[in-house]
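Letter by letter, the chains look like this.
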Amino acid sequence: FRGRVMFPIADVQGRIIAFGGRTMADSEVKYLNSPETPLFSKSRCLYGLDKARDAVVKGRRILITEGYTDTLMCHQKGIAWAVATLGTALTREHVTLLRRYAESVVLLFDADAAGEAAVDRSLEAFADADLDVRVPALTQGMDPCDFLVSDGAEPFVAAIEAARDLFDVKLHMACARHNMNSVDGRARAVDEALKVVAQVSNVAKAEME
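Residues numbered from 1 in each chain as written. Predicted model: local features only at pLDDT ≥ 70, side-chain atom pairs only at ≥ 80, totals over all residues. Heavy atoms only, no water.

1. Let's talk about the packing of aromatic side chains
The condition that has to hold: Stacked, tilted and edge-to-face are the three classes applied to pairs of Phe, Tyr and Trp rings, where Trp contributes its six-membered ring and a pair requires centres within 6.5 Å; stacked means planes under 30 degrees apart, edge-to-face means over 60, and tilted covers the rest. What counts as a helix is a DSSP run of H or I of at least four residues, what counts as a strand is a run of E of at least two, and both are numbered from the N terminus. Accessible area is worked out with a 1.4 Å probe on protein chains only. A residue is then buried under 20% of its type maximum, exposed over 50%, and partly exposed in between. Placement of a positive charge over a ring is assigned whenever Lys NZ or Arg CZ falls within 6 Å of the ring centre and within 35 degrees of the normal to the ring plane.
Counted by the stated rule, this structure contains five aromatic pairs. Centroid distance F7 to Y68: 4.7 Å. Interplanar angle 15 degrees. Geometry classified as stacked. Of this pair, F7 sits in strand β1 (residues 4-10) while Y68 sits in helix α2 (residues 68-76), placing them 61 residues apart in sequence. When sorted by exposure, F7 lands in the same class as Y68, which is buried. Ring geometry for Y47 against Y68: centres 4.8 Å apart, planes inclined by 80 degrees, an arrangement best described as edge-to-face. In this pair, Y47 is assigned in the loop between β3 (31-33) and α1 (49-59) and Y68 in helix α2, connecting sequence segments 21 residues apart. Comparing Y47 with Y68 shows no difference in burial state: the two are buried. Among the aromatic residues, those joined into a ring-pair cluster are F7, Y31, Y47 and Y68. R61 extends its terminal NZ or CZ atom over the ring of W81, reaching a point 4.0 Å from the ring centre.

Laid out in structure tokens, this is it:
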């Protein structure tokens, strides 16, 4: 962890179980976590959940960001129901954890190609979950921390409140990737959309999609 800014990682009871370090140099590895142990697993832990738990339980919703600083800035701006993944995609273990505390999940990904890929990865994890999962739209090229520093909490919260359903976002992305003015483009978009709907096990939800 030499030459890195350190972030203590706690379990839901607030006990420190690992550390995350962000490089201050030009290291190829931007973030480095403690090795996994019986107490610490990236696929089962969420950064900041110990601090966010009361707000999450009260509002029955949780905001998931992709970085430590995104979550820290959310809390500094009064958005106390924010947590972060630990350098890994959301897993079914994460979803099981989320269902203990919340009914609604907001996935706050960076507004770039990586964020779009994160939407794809999240579909599989949430396909069988009985959760309302939504994705807000932020300014292209700005991560949540930058957005909060630049624009403040009010427009940030407004973007969250206007978030669209995860599957709806994915369907719109499918249409945007293809030429909807051509028969072939529409056919490809439909094929991609059907693959999305096929992942939804809830019959009523699948029919709505």
